[in-house]
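Working through the structure, step by step
Single-letter residue listing:
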Amino acid sequence: MSEPAIVDKSTAGIDARQYHVGLAPGEVGTVALLPGDPFRVPMIAEHLTDVAEVAHRREHRTMTGYYKGRLITATSTGMGCPSTAIAVEELARVGVTSFIRVGSSAALQPGIEPGDLLVSEGSLRNDGTTAAYVHPGFPAVPDLTIASSLREVAEELVEGTGRGVFSGINATDDAFYAEGPEWIAELSRMGILNVEMESSAMYVVARLRGLRAGMICACSSNLVAGASLYSEKNSALKDGWHASIEVALETAVRLEL
């Protein structure tokens, strides 16, 4: 009697409908916008034409549509690095080659207001998922062309609106409610611009799989200004989400992602 075979997850399910995101080859474009919240996928769809909902399994909701003639995929990752890594891995299997995260993020430096735009130049990997993939010293960095374009387009689109654009290193944390005052203060002292929960996984998986990735977030609150999500104005954040989506879409078109 032969020994049972150990499943190799790197090859299982290739060229098939993906188990978690529910997508198959041919159902997506080459570029995907990645919000965390599945209810923000329709917000992206507001900017598109010929919209179709393709799949919705668990936290992963996918819609497609066209922006200036280019097919755009929008898939929610859910909160945190584990589900983000799954989304990137499975989207890549069905044809996505570039990813732009459009999410919410808390500011860690003075002078950043809710609704301002935050462009990532790299992530401090304070998560457990990327540790399962790579050496602790492996950097989590975006595609430099995408990051540069996001900053350039953001500055163009917000000109005259009063909305700020900031770029720098962000932190990616696993535990939202474990971010105590000491940790927030330490991140701020290091010059970390903002903190969120997904980008390090997106960057690391993208690099390992030969893909491209970038991130532009809307500021949700400022943790060094005494303002949490519970005290900020939701209207400013919603406007910031739409602005970040517009920047990501324009970048996708300009770079022909």
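From a predicted model like this one, the values you see are computed outputs, not experimental measurements.

Analysis parameters
Residues numbered from 1 in each chain as written. Predicted model: local features only at pLDDT ≥ 70, side-chain atom pairs only at ≥ 80, totals over all residues. Heavy atoms only, no water. Helix = DSSP H or I, 4+ residues; strand = E, 2+ residues; numbered from the N terminus. Rg over C-alpha atoms; globule rule 2.2 N^0.38 Å. Areas by Shrake-Rupley, 256 points an atom, 1.4 Å probe, with all protein chains shown as cover. Axes fitted to C-alpha atoms, helices over the stretch in contact; angles between N-to-C directions. Left-handed = near helix turned anticlockwise from the far one by under 90°. Contact = heavy atoms within 4.5 Å. Nonpolar A, V, L, I, M, F, W, Y, C, P; charged D, E, K, R; others polar. UniProt positions renumbered as here; feature names shortened; annotations may be inferred. Polar contact = N/O pair within 3.5 Å; in protein donor to acceptor, adjacent residues only side chain to side chain. Buried < 20%, exposed > 50% of the residue type's maximum accessible area, 1.4 Å probe, protein only. Arc of directions from axis to C-beta. 1 Å grid on protein atoms, 1.4 Å probe; cavity = no way out; pocket = protein on both sides within 12 Å on 5 of 7 lines; lining within 4 Å. Points joined across faces, edges and corners; volume = space filled by probe spheres on them. Expected span 1.5 Å × (residues − 1).

Thoughts on the overall build of the protein
Looking only at helices and strands, one finds seven helices and nine strands in the protein. Against the globule reference of 18 Å for 257 residues, the protein gives a C-alpha radius of gyration of 18 Å, in line with a compact fold. Dimensions of the protein along its principal axes, counting C-alpha atoms only, are 65 × 45 × 30 Å. Summed over its atoms, the accessible surface of the protein is roughly 11600 Å², and 54% of this surface lies on carbon and sulfur atoms.

Section: the packing of helix H2 (residues 81–93) against helix H6 (residues 199–208)
Interhelical geometry of H2 versus H6 gives an angle of 35° and a closest axis separation of 8 Å. For H2 against H6, the interelement crossing comes out right-handed. Two secondary-structure elements touch here, H2 through Cys-81, Thr-84, Ala-85, Val-88 and Glu-89 and H6 through Ser-200, Ala-201, Met-202 and Val-205. Of the residues assigned to the contact of H2 with H6, the class counts are six nonpolar, two polar and one charged.

Focus: the UniProt feature "domain: Nucleoside phosphorylase" (unreviewed entry) in the protein
Here the UniProt-annotated "domain: Nucleoside phosphorylase" (unreviewed entry) positions come out as residues 30–225. Here residues 30–225 runs as 29% helix and 36% strand, with 39 Å between its end C-alpha atoms.

Some remarks on the environment of Asp-116
Relative to the assigned elements, Asp-116 resides in the loop between strand E5 (98–107) and strand E6 (117–126). Note: C-alpha distance between Asp-116 and Leu-237 (121 residues apart in sequence) is 8.1 Å. Only 2.8 Å separates the side chain of Asp-116 from the backbone nitrogen of Glu-113, close enough to count as a polar contact.

So, helix H5 (residues 181–189)
Within H5 the residues assigned to the buried category are Ile-184, Leu-187 and Ser-188. Summarising the axial view, the buried residues of H5 lie within an arc of 100°, below the 170-degree limit, and thus occupy one face. Opposite the buried face of H5, by more than 90 degrees, sit the exposed residues Glu-182 and Arg-189. Just downstream of H5, Gly-191 is the residue with a positive phi angle, here 85°.

Notes on the layout of surface pockets
Put simply, the second largest pocket is a space of about 550 Å³. The element best represented in the lining of the second largest pocket is H2, accounting for seven residues. Tallied by class, residues from the lining of the second largest pocket come to nine nonpolar, four polar and six charged.

Remarks on H2
The end-to-end C-alpha distance of H2, which contains 13 residues, comes to 18 Å, matching closely the 18 Å that a straight helix rising 1.5 Å per residue would cover. Along H2, the residues that are buried comprise Cys-81, Ser-83, Thr-84, Ala-85, Ala-87, Val-88, Glu-89, Glu-90 and Leu-91. One or two steps after H2, the chain reaches Gly-95, where phi turns positive at roughly 125°.

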